[in-house]
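Report on the structure
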Amino acid sequence: MLLLNHRNFKVVASAGVVNSGEAATLANDGLFQNKMKRILDMATEMVSTTSWALLNFDSAWRVNPSGAATDTDVIVVAPALLKYFHIEIDAANESARRKQLSRIDRIRWVYQTISTGLTLRNCDIIIEHMSATTKARVALEQVKRDGASPIRRNFGFTDEFGHKQWQQAIGDIELNLNYVKGEPPDTVARTVVHEASHKFANTKDVLYKDGSFAKLPADQFDEARDLGIIGANDQREITLPGRTKKLRPMSGWEKNTNNVITDDRWLENADSYAWTARRIWKKKTGFRKDQAA
């Protein structure tokens with residue numbers, strides 16, 4: 001059942017939501033309608049704002065390397081790239097800097113791909129009943145493929161990490177109704193960006209932010225460090241100019257292993273794209289949680 005038409009988006013109730021009788025209520029609920037519009041607009045803005053900021057970041061470093069560190073977009077973008085992609089520009093090494101900027105350009109391509117999907121392609125959002133632990137999802141095809149997925153090819157890899165097969169994202173973006181109703185618009189919008197990165201760029205769930213070392217309770221983190229479970233260099237702590245709180249880049253273990261995730265893997269991680277977009281968008285727009293949705 002159609003709940004909302006908004007730009008190129010169609011928000012549709014699943015059969016389960018229709019059968020529960022909630023779809024008819026949602027279709028006539030002005031607050032829900034306005035919230036969904038805000039969510040979709042925010043998600044689109046997060047991606048487009050980040051794409052432009054990355055372009056300006058790139059230009060600042062290429063045109064004026066000696067003065068790039070004080071550029072307004074560099075100041076906003078650099079911590080996000082360090083935190084979620086483990087990329088830090090080496091100002092003193094031109095060869096390394098060019099390699100890093102090349103990777104950032106390919107990250108921007110991913111955002112442009114997501115942006116195209118969210119603005120120009122028909123994009124159905126399915127409102128669904130899900131378990132309390134599931135916020136959203138995009139279905140994968142059952143066929144498993146050899147070689148490199150699109151997100152891996154974008155960064156020059158010839159096969160999947162671990163030489164595994166991969167699956168194409170083929171489904172619509174499905175959102176948990178209770179999650180949509182219970183969380184602020186910007187939180188749900190970040191989730192839409194996460195799922196859109198799966199759908200349009202074939203990103204992977206390498207690690208969710210809430211599963212990173214930095215999210216462990218302090219006593220557990222310290223104990224894991226003391227026991228050597230988390231190595232001394234596995235979770236960096238970086239002091240940024242003008243900030244007292246240290247920045248901890250996203251770090252964790254590969255699924256079902258004790259192997260720490262390598263830097264290359266963040267390039268295909270959906271949560272890296274979602275949280276980077278949210279962070280840059282908030283910094284560029286001055287958004288605060290207490291603003292009206």
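Residues numbered from 1 in each chain as written. Predicted model: local features only at pLDDT ≥ 70, side-chain atom pairs only at ≥ 80, totals over all residues. Heavy atoms only, no water.

Right, let's talk about helix H5 (residues 94-119) for a bit. Compared with the 38 Å implied by 1.5 Å per residue over 26 residues, the 36 Å span of H5 between its first and last C-alpha is a close match. Looking at where H5 begins, the residue whose side-chain oxygen comes 3.1 Å from the main-chain nitrogen of Ser95 is Asn93. (Helix = DSSP H or I, 4+ residues; strand = E, 2+ residues; numbered from the N terminus. Expected span 1.5 Å × (residues − 1). Polar contact = N/O pair within 3.5 Å; in protein donor to acceptor, adjacent residues only side chain to side chain.)

Another point: the pairing of strand E1 (residues 2-6). For E1 and strand E2 (residues 9-13), the ladder comprises 4 bridges, and the chain directions are antiparallel. The residue bridging Asn5 from the neighbouring strand is Lys10, located in E2. (Pairing = 2+ DSSP bridges.)

Below, the discussion takes up the nonpolar core. Grouped together as the largest cluster of nonpolar side chains are 71 residues, with contacts concentrated most on Met36, Phe85, Ile107, Ile125 and Leu175. Broken down by element, the residue count for this core peaks at 13 residues, all from helix H3 (residues 30-63). Not counting residues up to four positions away in its chain, the partners in contact with Phe85 are Ala80, Ile107, Tyr111, Asp263, Trp266, Leu267, Ser272, Tyr273 and Thr276. (Core = buried A, V, L, I, M, F, W, Y, C linked by side-chain atoms within 4.5 Å. Buried < 20%, exposed > 50% of the residue type's maximum accessible area, 1.4 Å probe, protein only. Contact = heavy atoms within 4.5 Å.)

Scanning all chains against the criterion turns up 4 aromatic pairs. Each ring, one from Tyr111 and one from Tyr273, has its centre 5.3 Å from the other, and the planes form 65 degrees; the classification is edge-to-face. Here Tyr111, found in helix H5, pairs with Tyr273, found in helix H10 (residues 270-285); they are 162 residues apart in sequence, far enough to count as distant. What makes Tyr111 buried here is its relative accessible area of 0%. Clustering of aromatic rings is evident, with ring pairs tying together Phe85, Tyr111 and Tyr273. Sitting above the plane of the Trp275 ring, Lys209 keeps its charged end 3.8 Å from the centroid. Note that Arg248 overlies the ring of Phe221, its terminal NZ or CZ placed 4.8 Å from the centroid. (Phe/Tyr/Trp six-rings, centres within 6.5 Å; stacked < 30°, edge-to-face > 60°. Lys NZ or Arg CZ within 6 Å of the ring centre and 35° of its normal.)

Let us look at the packing of H3 against helix H8 (residues 185-201). Following both chains from N to C, one finds H3 and H8 inclined at 55 degrees, their axes separated by 8 Å at the closest point. Here H8 runs oblique to H3, going by the angle between their axes. In terms of crossing hand, the pair formed by H3 and H8 is right-handed. Across the interface between the two elements, Lys35, Arg38, Ile39, Met42, Ala43, Met46 and Val47 from H3 touch Pro185, Asp186, Val188, Ala189, Arg190, Val192 and Val193 from H8. Class assignment for the residues of the contact of H3 with H8 results in 10 nonpolar, no polar and 4 charged. (Axes fitted to C-alpha atoms, helices over the stretch in contact; angles between N-to-C directions. Parallel < 35°, antiparallel > 145°, perpendicular 65-115°, else oblique. Left-handed = near helix turned anticlockwise from the far one by under 90°. Nonpolar A, V, L, I, M, F, W, Y, C, P; charged D, E, K, R; others polar.)

If you trace the 5 strands from one edge of the open sheet to the other, you get E1-E2-E3-E5-E4, paired in mixed fashion. Each of the sheet's edge strands pairs with one partner strand only, and the pair in question is E1 and strand E4 (136-140). On average, adjacent strands in this sheet sit at an angle of 25 degrees to one another, irrespective of strand direction. Here H3 sits on the sheet and contacts E1, E2, strand E3 (123-128) and strand E5 (169-176); the angle it forms with E1, its principal contact strand, is near 45 degrees. The sheet strands contacting H8 are E3, E4 and E5, and the helix crosses E5 at an angle near 165 degrees.

For the coordinates displayed, the defined rule picks out 16 salt bridges. A salt bridge links Arg7 to Asp41; its shortest N-O distance comes to 2.4 Å. With Arg7 in the loop between E1 and E2 and Asp41 in helix H3, the pair connects residues that are 34 residues apart, well separated along the chain. Among the salt bridges present, the one from Lys204 reaches Glu160, with a minimum N-O distance of 2.5 Å. Of the two residues, Lys204 is situated in the loop between H8 and helix H9 (218-226) and Glu160 in the loop between helix H6 (150-154) and E5; the sequence distance between them amounts to 44 residues. (Salt bridge = Lys/Arg side-chain N within 4 Å of Asp/Glu carboxyl O.)

Before going further, it helps to spend a moment on the side chain of Asn154. Here Asn154 is to be found in helix H6. Here Arg106 takes part through its side chain, which lies 2.6 Å from a polar atom of the side chain of Asn154. Not counting residues up to four positions away in its chain, the partners in contact with Asn154 are Arg106, Trp109 and Val110.

Although it is not a glycine, His163 sits at a positive phi angle of roughly 60 degrees. With respect to the helices, strands and loops of the structure, His163 is situated in the loop between H6 and E5. The backbone phi angle of Asn202 is positive, close to 60 degrees, even though this residue is not glycine. Mapped onto the secondary structure, Asn202 falls in the loop between H8 and H9.

Looking at the chain, the pLDDT average stands at 94 and 98% of residues meet or exceed 70. Across the chain, the element-wise mean pLDDT spans from 90 in H9 up to 98 in H8. (pLDDT = per-residue confidence, 0-100.)

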